Amino acid sequence: MFTKTNKTFSCYSDIFLDDSVPETIKLYLDKSDLVVSCYLFDKHEIDSEKSRRKNLVLYTSAGLAPTVEIFNSSYSKVFYFKMIMAEEQLTWSLNVPRQDIAHNTDIAPTEQWYVKFNMHHGLNMFTTEGTLLDTAREPILQWTLSKPSNITALIPHVINVTVTKSPCASDVAIIGLILDDQVNGIYIGVSWSGFTARNTFWSNLTDSICSILDYDCGELSLLNVILTNTRIVFLTTLGLFISEDLRYGNFYELKFSKTSLCGFERDDYLQAKIWYNTQCLANQENYEVDYLSLSFDKDKTLSQESTCFYSNDPFTQWLSCFPRRKQTDRFMSRRAVSFLIDYQQNTAISFLTLQDRTLISVIKLTDHKLNRRRKFPRFWFPDTTFVPFGMVFHPNSHFVYVYGSQVWFSEDGGNKFQLLIKLPREIVVKTDTCVFTQSLIFVTDKGSVYYSKAGLHRYAKLTNIRYNIFNMNFDHLGDLYHITLNETAKDFLEVRRMDEKTLLQEDDLAFDGALSPQYITEEQIMFFYHNPLVLHSNNEIPQFYNLYIGKALEYGLGGAGIINKVFVHNYPPRFSSSALVDVLDRFPIETSTRSPCVLNTLTILNRDPGSISFKLQLGVSDVHIFKASDIEKTVVIPGFSSFLIVNVTSSLTALADATMPHRVPLNTAFQSRQWFLYDFGTTNGRQWRAVVDRCRYTIHQLDDLPVHAIKYLDIGSKLDFSFRVSPVNVAYPVFQMQLMEVIVGRPNLLDVDTEAYWDDTDSYIMKLHIQSIFFVQGKMSIAIIVTQASLACDVTTLILTLKNSCSYLKVMHYILPVQLPASAWLSQESNASKQLKVLPVNYRPPSRLGIAVPLTENFYNADPGKPRMRDYFQGSKTSGSYKQCANKKKRSECGCTDNMKLSFFVDFSDCKEKAIRMKYPITKLPLSFTIENEDGSRNMTSPYFITITEVNNRTNWEISTTNRTSSLLKMRAYLAHSLNTTLYNPEGLTLSIYGSELFHFRVETIPGVSFCSLFDEFQIYVDDAPLAFPGQYLISSITAVLIGFIIFLAFIMEVYEIQIWTMFKKRLQKAATVKSIVSLITSSTISTENNEK
């Protein structure tokens, strides 16, 4: 009971929720958390609170709750709903913090997210898709363009409408009113739901434009509007107007500037068209920029520099977009139909008319200017009846389409084109595309809507719109809507969703003509189209052509096959074309009830002189005879030619044309059941159709990527992708049929290798091996096309965008020696962790002159309202400046966020309150670094060579390494002249610190090893350092003084010829003499004393 496929989710967020909830899930995210409520309902039953409660209780009691996957082209994450079942609860609820979806809140182009709901992640139960729009960042949604306008009085004067969409969020759209000569002004409506909800906000921007024209705008009217990534562009009857950057400003008064193009009047602008190749510039690279072009459908006059111009953002300098003329072309009429920039190959594609011919010219771009060299030879369209109208790129791909009375498309950026659609009495005037489903539509001036998919060589007619004023629009999820005006609607719009799959099945390419089946094998039939027996009034003979390939040939009474190939020929006679059909279901034969002749014996007789038809002779019978209704039926004899009956001359004879005249079994009698009769004619009413086949091939991306994925490659990086196409609903396996085609948009940017094979289930496996080998930044797309896919398939083409540049998610991290939670860093308690040191207020690290003499410019734990620490000397007083706290009076005004407090970067030092604390001495501390990107984290190794500096210019530290490789030594020698510091291998590094207090290190990779500027910073506070011992300095000083004194004394004695040694000897001799006399007297005294005794 848990696997019913008719159940689906309905989910909504609190933002913009009103009574007009769209059919599809559209969620909105502002600066607060995302709150989502979901309930499950049955599409074939009435939705009620009772049924919602029933489903909630049923699945919650079974331990199941919904999950939602939020993803875009480069990121995805799964969130789980709460499994709570309270009284009177009807929905599952989910609260997702904004920072878990998007950290940034600045106004900038941002991809609209996709959401996928399931009943428990991985089970794929009740899968429901929707979108999530970040309303806090989308530029146009931040502006209040004017007061709300009521356009009721304008609707009778509207002659057309134009729609433009945000390049990154297709649900953010603008509709502009094109008015007749009786009413002037610029009126647009802005929607954030793709016009599916009644939330279109109408604005009158006439005054904003008139102020530029000094209010001389009596004939001002809108012709077209384009929404780029950062600007709104208006093409009007009085010129081209470009808005200021939508990311900045006061957000209530949008200012415009007029493009200065000399020599053009109002009548010229009425014939002008504006062209824009849509690209999403979220996470914009330095080589990515928007281009616009403006073409005039007229010949250049002497006062005009050109009739085609182009420019890049900010659209201040406009250049001619005409390629250089050949000498032989100088006197020919040349007009630009369209002009677009190929962002991948950095080329300009000009769609031109030269006299009565139409051509494509592809020119290289250098520094945003046309080069004199062509990228490819000019492509001339062979059909001189081709009436050109415009050109469009399928977004994020290298497929370019030119359209008018025909539609051609190129897979290689304009080198060659292939015919897709040929319209004899219609002209395609509008197009729209969808990135998510890879769909395209072409709308003609007669209201016909044609449908195709990127890269496929087939199309189908969806419908014919009967309104004179309308537009077609894909929303972000790929649903197609028909938009027209309605005076009674809340937002003056009538929006209807079109079911493409149902409309595709109704498109029948069959023509009124007889087909004759010729069996090739039991599984393949060649259907020959026989020219009409009676020509139509327009004398046109229909035929099979390439657009029939892939269509299903279905028979009304049963039987079907897929048209595999088509042929146009003059032989056999009267058969002008044919189609090779792979049989899916066997086609029925005629019964004896409808054609009694099948029970008779059949003999093939030779042709009469001058006739190309063979005679069919039946055996004698009064019952089993030919009937007039047998005309245009086909006689099939296994192993021989088939015969299409063109005339019944009698009840027993008929004339027939052979599909294989050289395989006719003349004068041979075939008994009943040895020959058969098929009715693919029109005598009894046409019973065959050529329609879009149902989907018979599914593609699986084995790496779980979205269909529009963007992947980044750094220098030397490699990527591997695997795809599998599996046949489903096929009648029989086809041995080793190639089911995929890979087309590379810019082959010279990356090295792409392919590997393809078939597995045991007849699935076709394709593996791509991609490597970045050139130090060239750029992007390219790779299209994986299921060549046999039907237009009814959900996925027929996967387009991967590969950027040879720095990923916005790629960062370098230092691994802290101590891992602490954020709560410890942010805690206001001084003893929250013994491993953290709370920095003093207005702290600055010591300098070379000592602890009491800080000279660095960086404050830590800044507070402008308190005294500066250690501000004793003049050098300390004149150094040091605040960053976040600049021009603030106290710390509470500095705007320090938790992320700033947790950051180690010197840019946020004012907010840094704590540092890792380590005791003195620090010896051989291991240093470890990692690189993180969207694919995960890995240890940093060579060739990511690094430099390490101390940001406060402290010197009492040392880096040691054990990994002195030859490549490192060569790199050091090579960069010695450009680097002012030592180069290190990031592996095996250790740090020794001989000083005290705070050390702040910055680690950077050297240029050339990555497209990214990888760097990180870390801080260590050295605590409990002993006092400096002065004995060494004293001993050194005293020794120096003594040595100096001795040298000075020796100099004086030498100058004054003082014989120090002679004086010293005399003194010694005198001392010896005195000693001897004393000893003599002493001995005499002793002798006298003895005598007296």
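Residues numbered from 1 in each chain as written. Predicted model: local features only at pLDDT ≥ 70, side-chain atom pairs only at ≥ 80, totals over all residues. Heavy atoms only, no water.

Asker: I keep staring at the overall build of the protein chain and nothing clicks. Help me out?
Answerer: Along the backbone of the protein chain there are 10 helices and 69 strands. Computed over the C-alpha atoms, the radius of gyration of the protein chain is 43 Å, more than 25% above the 31 Å expected from 2.2 N^0.38 for a compact globule of 1093 residues. Taken along the three principal axes of its C-alpha coordinates, the protein chain extends 200 × 85 × 75 Å. Expressed as a percentage of the 1093 residues in the protein chain, the buried residues total 52%. (Helix = DSSP H or I, 4+ residues; strand = E, 2+ residues; numbered from the N terminus. Rg over C-alpha atoms; globule rule 2.2 N^0.38 Å. Buried < 20%, exposed > 50% of the residue type's maximum accessible area, 1.4 Å probe, protein only.)

Asker: Got a minute to help me understand the environment of Tyr1056 in this structure?
Answerer: With respect to the secondary-structure elements, Tyr1056 resides in the loop between helix H9 (1031–1055) and helix H10 (1060–1092). A sequence separation of 398 residues divides Tyr1056 from Ala658, and the C-alpha atoms of the two residues are 143 Å apart.

Asker: When you look at the sheet that holds strand E6 (residues 92–96) in this model, what are you seeing that I'm missing?
Answerer: Hydrogen bonds along the backbone pair up the strands of a sheet, which may run parallel or antiparallel. Strands sit in the order E1-E3-E6 across an open sheet of three strands; the sheet is antiparallel. In this open sheet, the two strands that pair with only one neighbour each are strand E1 (7–13) and E6. When the angles between neighbouring strand axes are averaged without regard to direction, this sheet yields 25 degrees. Set on the sheet, helix H1 (residues 49–61) makes contact with E1, strand E3 (34–42) and E6; between it and E3 the angle comes to about 100 degrees. (Pairing = 2+ DSSP bridges. Axes fitted to C-alpha atoms, helices over the stretch in contact; angles between N-to-C directions. Contact = heavy atoms within 4.5 Å.)

Asker: Explain the state of the cysteines to me, please; I cannot follow it from the model alone.
Answerer: Two cysteines joined by a covalent bond between their sulfur atoms form a disulfide. Scanning the entire structure with this criterion turns up eight disulfides. Two residues, Cys308 and Cys321, share a disulfide whose sulfurs are 1.7 Å apart. With Cys308 in strand E19 (residues 308–312) and Cys321 in the loop between strand E20 (319–320) and strand E21 (334–342), this pair connects stretches of sequence that are 13 residues apart. By relative accessible area, Cys321 is classed as buried at 1%. Note on cysteine connectivity: Cys896 is disulfide-linked to Cys911, with sulfurs 2.0 Å apart. (Disulfide = S-S within 2.5 Å.)

Asker: It is not clear to me how the side chain of Gln89 should be interpreted in this structure. Could you clarify?
Answerer: Within the secondary structure, Gln89 is located in the loop between strand E5 (76–80) and E6. Within the local environment of Gln89, its side chain forms a polar contact with the backbone oxygen of Ile84, the two atoms lying 3.0 Å apart. Non-local contacts of Gln89, meaning those with residues more than four positions away in its chain, are made with Arg53, Leu56 and Ile84. (Polar contact = N/O pair within 3.5 Å; in protein donor to acceptor, adjacent residues only side chain to side chain.)

Asker: Even after reading the chapter, I still don't get the pairing of strand E41 (residues 575–585), so can you show me in this structure?
Answerer: A regular strand places its side chains so that they alternate between the two faces of the sheet. For E41, a buried count of 10 out of 11 residues is recorded, marking the element as mostly surrounded by other parts of the structure. Judged from the seven bridges that link them, strand E38 (residues 524–530) and E41 form a sheet pairing that is antiparallel. Looking at E41, one finds that Phe527 is bridged to Ala579. Here strand E40 (residues 560–568) runs beside E41; their pairing, made up of eight bridges, is antiparallel. When the sheet's bridge partners are listed, Gly561 is paired in E41 with Val583. Between E40 and E41, which follow one another and run antiparallel, lie six residues, and Arg574 among them has a positive phi close to 70 degrees.

Asker: Quick question: what am I supposed to make of the nonpolar core here?
Answerer: Counting residues in each nonpolar core, the largest one holds 87 residues, and the members touching the most others are Ile360, Phe381, Tyr401, Phe442, Met472, Ile784 and Leu802. For this core, the element with the highest residue contribution is strand E56 (residues 778–786), accounting for six residues. If near-sequence neighbours (up to four positions away) are discounted, Phe442 is found in contact with Tyr401, Val407, Leu420, Ile421, Val428, Lys430, Thr431, Ser448, Val449, Tyr450 and Ser452. Grouped together as the second largest cluster of nonpolar side chains are 39 residues, Val818, Leu925, Trp957 and Cys1012 included. (Core = buried A, V, L, I, M, F, W, Y, C linked by side-chain atoms within 4.5 Å.)

Asker: Just checking my understanding: could you explain the confidence of the model for the protein chain for this structure?
Answerer: Predicted coordinates in areas of low pLDDT are best not read in detail. Chain-level pLDDT for the protein chain is 89 on average; 94% of the residues reach the 70-or-more range. For the protein chain, per-element mean pLDDT is lowest for H10, which scores 62, and highest for strand E27 (residues 400–404), which scores 97. Ignoring residues within four places in sequence, the model shows residues 16–21, a span with pLDDT below 50, making six contacts including any to other chains. (pLDDT = per-residue confidence, 0-100.)

Asker: What am I meant to see in unusual backbone geometry here?
Answerer: Negative phi is the rule for most residues except glycine; trans is the rule for most peptide bonds. Cis geometry marks the peptide bond from Tyr571 to Pro572; its omega dihedral reads 5 degrees. Of note, Pro572 is situated in the loop between E40 and E41. Across the junction of Tyr920 and Pro921, the peptide omega takes the value 0 degrees, indicating a cis bond. Checked against the element boundaries, Pro921 lands in the loop between strand E60 (914–919) and strand E61 (922–927). The phi dihedral of Phe251 is positive, around 65 degrees, even though this residue is not glycine. Within the fold, Phe251 resides in the loop between strand E15 (239–243) and strand E16 (256–258). Looking at Phe251, the relative accessible area reads 22%, which means it is partly exposed. One non-glycine residue with positive phi stands out, namely Arg574, at about 70 degrees.

Asker: Is there a simple way to think about H1 in this case?
Answerer: Every α-helix winds through 3.6 residues per turn, so residues three or four apart in the chain are directed the same way. End to end, H1 covers 18 Å across 13 residues, agreeing with the expected 18 Å (1.5 Å per residue, within 8%). For H1, the set of buried residues is Ser51, Arg52, Asn55, Leu56, Tyr59 and Thr60. Mapping the buried residues of H1 onto a view down its axis gives an arc of 150 degrees, with all of them on the same face. Exposed positions of H1 whose direction lies more than 90 degrees from the buried face are Lys50, Lys54 and Ser61. Residues of H1 that are buried in the fold lie against E1, E3, E6 and strand E7 (113–119). Directly after H1, the chain includes Gly63, whose backbone phi takes a positive value near 80 degrees. (Expected span 1.5 Å × (residues − 1). Arc of directions from axis to C-beta.)

Asker: Before we go on, may I ask you to explain the environment of Ser830 in this structure?
Answerer: Here Ser830 lies in the loop between helix H5 (822–826) and strand E59 (836–838). Judged by relative accessible area, Ser830 falls into the exposed class, the value being 59%. Along the sequence, Ser830 and Lys914 sit 84 residues apart, while their C-alpha atoms lie 9.6 Å from each other.

Asker: Honestly, the packing of aromatic side chains in this entry has me stumped. Any pointers?
Answerer: Think of a pair of aromatic rings as described by two things: how far the centres are apart, and how the planes are tilted against each other in angle. Per the counting criterion, the structure on display carries 55 aromatic pairs. Seen from their ring centres, Phe614 and Phe643 are 6.1 Å apart, and the 75 degrees between their planes marks the pair as edge-to-face. Taken as a pair, Phe614 in strand E43 (residues 614–618) and Phe643 in strand E45 (residues 643–648) lie far apart in primary sequence, 29 residues in all. Both residues of the pair, Phe614 and Phe643, belong to the buried class. Ring centres of Tyr814 and Phe929 lie 5.8 Å apart, and the angle between their planes is 50 degrees; on these two criteria the pair is classed as tilted. On the criterion of sequence distance, the pair formed by Tyr814 in strand E58 (residues 811–814) and Phe929 in strand E62 (residues 929–933) is long-range, its members being 115 residues apart. Residue class for Phe929 comes out buried when judged on its relative accessible area of 3%. Three or more aromatic residues joined by ring pairs form one cluster here, namely Phe351, Phe379, Phe381, Phe386, Trp408 and Phe417. The positively charged end of Lys430 is found above the aromatic ring belonging to Phe470, 5.3 Å away from the centroid. (Phe/Tyr/Trp six-rings, centres within 6.5 Å; stacked < 30°, edge-to-face > 60°. Lys NZ or Arg CZ within 6 Å of the ring centre and 35° of its normal.)

Asker: Can you walk me through the pattern of salt bridges in this structure?
Answerer: Side-chain pairs of opposite charge can arise where the charged atoms are in close proximity. All chains considered together, the criterion is met by 43 salt bridges. Between Asp171 and Lys26 there is a salt bridge, and its shortest N-O distance comes to 2.9 Å. Taken together, the residues Asp171 in the loop between strand E9 (158–165) and strand E10 (173–179) and Lys26 in strand E2 (residues 25–29) connect sequence positions 145 residues apart. (Salt bridge = Lys/Arg side-chain N within 4 Å of Asp/Glu carboxyl O.)

Asker: It is not clear to me how a nonpolar patch on the surface should be interpreted in this structure. Could you clarify?
Answerer: A cluster of nonpolar side chains, namely Phe1048, Phe1051, Val1055, Tyr1056, Ile1058 and Met1063, defines an oily patch on the protein surface of about 640 Å² accessible area. Here the nonpolar patch gets three residues from one element, more than from any other, and that element is H9. (Patch = residues over 30% accessible without salt bridge, like charges linked within 9 Å, V, L, I, M, F, W, Y side chains within 5 Å. Areas by Shrake-Rupley, 256 points an atom, 1.4 Å probe, with all protein chains shown as cover.)

Asker: Explain the sheet that holds E61 to me, please; I cannot follow it from the model alone.
Answerer: Taken together, the three strands give an open sheet; going across it, the order is E61-E67-E65, and neighbouring strands pair in antiparallel fashion. The open sheet is flanked by E61 and strand E65 (957–961), the only strands paired with a single partner. Each strand of the sheet is rotated relative to its neighbour by a mean of 25 degrees, with strand direction disregarded.

Asker: Please clarify how the side chain of Gln438 should be interpreted in this entry.
Answerer: Note that Gln438 resides in the loop between strand E30 (428–433) and strand E31 (439–444). Overall, the relative accessible area of 2% leaves Gln438 in the buried class. Beyond its immediate chain neighbours, meaning those up to four positions away, Gln438 contacts His394, Ser452, Lys453, Ala454, Val707, Thr797 and Ile799.

Asker: Help me understand the environment of Asp33 in this model?
Answerer: Position of Asp33 relative to the elements: it lies in the loop between E2 and E3. Overall, Asp33 belongs to the partly exposed group, its relative accessible area being 37%. Taking the C-alpha atoms as reference points, Asp33 and Ile101, 68 residues apart in sequence, are found 9.3 Å from one another. Each residue touching Asp33, except ones within four places of it in the same chain, is listed here: Asn95, Val96, Pro97 and Arg98. A polar side-chain atom of Asp33 sits 3.2 Å from the main-chain amide nitrogen of Arg98.

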